[in-house]
Amino acid sequence: MVEVLGEGVGEDLLTRRSSLILTSLKAKRYQAMRPVLAVCVCFVLLGGLALFMSSKHEGSGFRTVESKPAVGGFSLEITPSFTVEPDPFALRTSSGEQPAALIVKVNGREVLRREDRVEGGAPLVAQNITEMIEGENELYVEANPPLDQANNAHAIRAKVVRDGEQIADRTLWSEPGVKLAATFRIQVRPQEEKRKDRHGR
Amino acid sequence: MAKLLVIAACLALMAPGASHAQESPRTDFMARKPLLVCSTTQIADFTRQIVGDRCDVRCILAPGADPHTYMPTPGDAQLTLKADLCLQNGLHLEGKNWMAALARDAGKPLVTCTDGIKPITLEQGGEKVNDPHSWFTPRNAAVYVNNIVRAVSELDPAGKWEYEARARLYLQQLRALDSWIREQFNVIPPHKRILVTSHDAFNYFAEEYGFKNRAPVGWSTGVEIGAGMTPERRIQVIDSIREFGVKAVFVETSVNPKLVREIATDAGVKVGGKLYSDSMGESGSAGETYIGMMRENVLTIIGALR
């Protein structure tokens, strides 16, 4: 009985010892794995974050609106009521750039530019403007009066013509002491609507 | 395990910041602002108006200091060594070209802000010199602004749109300033527009706004050709004051007022006030900016001559 018990105790001790050795080996391996595990957790977190950010951008509610070029022949007639001169206060991004006396832009694109002196009262015409789109269009007019007349308010008349028909006629004003820089918006209807209107609908 | 989580959390927090910095050049650039070292207070002000907080703008001359006679210090040389870009007036405003020498010794790029300006040529003692005080018209100030915009845009292309946008606003302000000056001076009849100052700094200003300019001291307070005070110049100034019935003479913030005070006593006229000339005003004063300086000068002149 004593021997049996002795054998049993011996086996138990052996089992405990071997399990201790196994545990310490596992712990060592686990310690060696720690940095690898940290990197893995990082990747998981970063991946999740990147996924979240990309899905946020996709679902942000913005959509690209494609603008349709307006059909028809467009032209602009600009008549300054004052003499326009090259602007001595113009931003010149390159040393060879000449300052403008008058600039007209349609939807942000330059359609008319004069770098010389233009006498007041003379109409300036820009033909075949392709920058017009269906819907809302913005026109920007910038004109520089001579410095000795800068203290007066100045005016410019702008007309927009589509296929020979005037679709806008605006007078733009400047405050005394500044150059004339003004915008106005016009609606350009699709060609079909225009035709329907002509036929009484 | 807790340690592991802390490390992972730290790495995770750092990583998005780093990736964001790579995406945005502005954030990356802001980590180390470019240092722009200017010779005069006017150039420093123009530069600040254009670069905003995107660059660090430092000025070598203190408000009220005279650029003609300034002697650079070891501190200036240290500052220039750290600079990404140096800016000077040119046309020999910086006596003995001290700014060009500082930039050359430090091996730094130098921009001359008067490039493209049509200088007024002064003939003194048989010699011709270009007047360096060209910032005294807003129209010329616009040339300075354009030169600075081009230089900083080249230095920091990512900030180009920002510099150009600020410059557009500032150029509008310069235009409004020019227009306002013309309007204000309208109250002084042309025959009464005589500007007697300490030294010959107001030629551009006088030409632009219809003044006759007289000064006992030449274009520079230093020792250059055509500079300094001569007895002939002094007599000419007193004769002009009497001939044109000048009401007042003006001292300058950056020049010793003693001489002008003596001339005022000799000619029997009053001292009309102090004008900002080669340097702008102290921080907190009305003349601490270019526009403020010009505005205050105009008001001082009108107050004395109207």
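K.L.:
Give me the lowdown on a nonpolar patch on the surface, citing residues and values where you can.
P.N.:
On the surface, a nonpolar cluster with roughly 270 Å² of combined accessible area is contributed by A:Leu49, A:Phe52 and A:Met53. Among the structural elements, A:Leu49 can be located in helix H1 (residues 2-58).

K.L.:
If you had to explain the pairing of strand E2 (residues 102-106) of chain A to someone new, which residues and values would you point to?
P.N.:
Two faces, one strand: in a regular strand the side chains alternate between the faces of the sheet. Residues and elements named next belong to chain A. Burial within E2 is extensive, with 4 of its 5 residues counted as buried. In this structure, E2 lies alongside strand E3 (residues 109-114), joined through 5 bridges in antiparallel fashion. Each residue of the ladder has a partner; that of leucine 102, found in E3, is arginine 114. Between E2 and E3, which pair antiparallel in sequence order, lie 2 residues; one of them, asparagine 107, sits at a positive phi of approximately 50°. Relative to strand E5 (residues 135-143), E2 runs antiparallel, the two being bridged by 5 bridges.

K.L.:
Describe the sheet that holds strand E3 (residues 85-88) of chain B, with residues and values.
P.N.:
Residue and element names in this part refer to chain B. As summarised here, the arrangement of the 4 strands in space is E2-E1-E3-E4, forming an open sheet in which the pairing is parallel. Each edge of the sheet is formed by a strand with only one pairing partner; in this case those strands are strand E2 (56-59) and strand E4 (110-112). Within this sheet the neighbouring strands show an average axis-to-axis angle of 25°, counted without direction. Pairing of strand E1 (residues 35-38) with E3 involves 3 bridges; the strand directions are parallel. Across the sheet, the residue bridging to leucine 36 is leucine 85, located in E3. Contacts between helix H3 (residues 41-51) and the sheet are confined to E1, E2 and E3, with E2 contributing the most and set at about 170° to the helix. Docked against the sheet, helix H6 (residues 138-155) engages E1, E3 and E4, running at close to 175° with respect to E3.

K.L.:
Which residues make up the pattern of salt bridges, and what values go with them?
P.N.:
Here the structure, examined in full by the defined rule, presents 23 salt bridges over all chains. Put simply, B:Arg32 and B:Asp84 hold a salt bridge, and the shortest N to O gap is 3.3 Å. A residue pair is termed long-range when its members are at least 10 positions apart, and B:Arg32 in the loop between helix H2 (25-30) and E1 and B:Asp84 in the loop between helix H4 (74-82) and E3 qualify at 52 residues. For B:Arg32, a relative accessible area of 51% corresponds to the exposed category. Across the pair B:Asp266 and B:Arg234 runs a salt bridge whose closest N-O atoms are separated by 2.7 Å. Placement of the pair is B:Asp266 in helix H10 (residues 258-267) and B:Arg234 in helix H9 (residues 231-244), with a sequence separation of 32 residues. The partly exposed category is assigned to B:Asp266, whose relative accessible area is 40%. Salt bridges sharing partners connect three or more residues here, namely A:Asp87, A:Glu142, A:Lys179 and B:Arg175.

K.L.:
I'd love a proper account of H6(B), names of residues and values included.
P.N.:
Taking 1.5 Å as the rise per residue, H6(B) with 18 residues should run 26 Å; its terminal C-alpha atoms sit 25 Å apart, in good agreement. Most of H6(B) sits out of view: 13 of its 18 residues are buried.

K.L.:
Quick one: what's the story with the packing of H6(B) against helix H7 (residues 160-185) of chain B, residue by residue and with numbers?
P.N.:
Residues and elements named next belong to chain B. The N-to-C vectors of H6 and H7 enclose an angle of 175°; their axes lie 9 Å apart at closest approach. The orientation of H6 with respect to H7, classified from their angle, is roughly antiparallel. Contacts between H6 and H7 involve Pro138, Arg139, Ala141, Ala142, Val145, Asn146, Val149, Val152 and Ser153 from the first element and Lys160, Tyr163, Glu164, Ala167, Tyr170, Leu171, Leu174, Leu177, Asp178, Ile181 and Arg182 from the second.

K.L.:
Help me get a handle on the interface of chain A and chain B, residues and values and all.
P.N.:
Each partner contributes residues to the interface: chain A has 25 residues there, and chain B has 27 residues. With both chains or domains summed, chain A and chain B bury close to 2,300 Å², and 66% of this area falls on carbon and sulfur atoms. A per-residue breakdown of the area chain A buries against chain B is headed by A:Phe89, A:Leu91 and A:Leu147, which together make up 31% of the total. Across the chain A-chain B interface, the total number found is 1 salt bridge. The shortest N-O distance in the salt bridge between B:Arg175 and A:Asp87 comes to 2.6 Å. Across the chain A-chain B interface, the total number found is 6 residue pairs in polar contact (both at pLDDT 80 or more).

K.L.:
Got a sec to walk through H9(B)? Specific residues and values, please.
P.N.:
Residues and elements named next belong to chain B. With 14 residues, H9 ought to run about 20 Å at 1.5 Å a step, and its terminal C-alpha atoms sit 20 Å apart, in line with that. What H9 keeps buried is the set Arg233, Arg234, Val237, Ile238, Ser240 and Ile241. One side of H9 holds all its buried residues, which, seen down the axis, span an arc of 155°. Away from the buried face of H9 by more than 90 degrees, exposed residues Pro231, Glu232, Ile235, Gln236, Arg242 and Glu243 are located. Positive phi appears at glycine 245, one or two residues downstream of H9, with a value of about 60°.

K.L.:
Any chance you could break down the domain arrangement of chain B for me, citing the residues and the numbers?
P.N.:
Residue and element names in this part refer to chain B. Examined at the domain level, chain B breaks down into domain 1 (30-179) and domain 2 (187-305). A separation of 24 Å is found between the C-alpha centroids of domain 1 and domain 2. Counting residues at the interface gives 39 residues for domain 1 and 35 residues for domain 2. With both chains or domains summed, domain 1 and domain 2 bury close to 3,000 Å², and 59% of this area falls on carbon and sulfur atoms. Taken together, the connections running from domain 1 to domain 2 amount to 1 salt bridge. The partner of glutamate 208 in a salt bridge is arginine 139, and the shortest N-O contact between them spans 3.1 Å. The set of elements that each furnish at least two residues to the side of domain 1 that touches domain 2 consists of H3, strand E5 (121-124), strand E6 (127-130), H6 and H7. Looking at the side of domain 1 that touches domain 2 element by element, the count peaks at 5 residues for H7.

K.L.:
Before we move on, can you summarise the nonpolar core with the specific residues and values?
P.N.:
In terms of nonpolar packing, the biggest core is built from 61 residues, with B:Phe185, B:Phe205, B:Tyr290 and B:Ile301 touching the most fellow members. Secondary-structure elements contributing two or more residues to this core are E1, H3, E3, H6, H7, helix H8 (203-209), strand E9 (248-252) and helix H11 (290-305) of chain B. When near neighbours in sequence (up to four residues on either side) are disregarded, B:Phe185 contacts B:Arg193, B:Phe205, B:Tyr209, B:Phe211, B:Val298, B:Ile301 and B:Ile302. Among the nonpolar cores identified, the runner-up in size contains 29 residues, and A:Phe82, A:Val84, A:Ala101 and A:Leu102 belong to it.

Here is what the cut-offs are and how they apply
- Residues numbered from 1 in each chain as written.
- Chains lettered and ligands numbered in written order.
- Predicted model: local features only at pLDDT ≥ 70, side-chain atom pairs only at ≥ 80, totals over all residues.
- Heavy atoms only, no water.
- Patch = residues over 30% accessible without salt bridge, like charges linked within 9 Å, V, L, I, M, F, W, Y side chains within 5 Å.
- Areas by Shrake-Rupley, 256 points an atom, 1.4 Å probe, with all protein chains shown as cover.
- Salt bridge = Lys/Arg side-chain N within 4 Å of Asp/Glu carboxyl O.
- Helix = DSSP H or I, 4+ residues; strand = E, 2+ residues; numbered from the N terminus.
- Buried < 20%, exposed > 50% of the residue type's maximum accessible area, 1.4 Å probe, protein only.
- Pairing = 2+ DSSP bridges.
- Axes fitted to C-alpha atoms, helices over the stretch in contact; angles between N-to-C directions.
- Contact = heavy atoms within 4.5 Å.
- Expected span 1.5 Å × (residues − 1).
- Parallel < 35°, antiparallel > 145°, perpendicular 65-115°, else oblique.
- Buried area = accessible area lost by both parts, 1.4 Å probe.
- Polar contact = N/O pair within 3.5 Å; in protein donor to acceptor, adjacent residues only side chain to side chain.
- Arc of directions from axis to C-beta.
- Domains from an automatic or database assignment.
- Core = buried A, V, L, I, M, F, W, Y, C linked by side-chain atoms within 4.5 Å.

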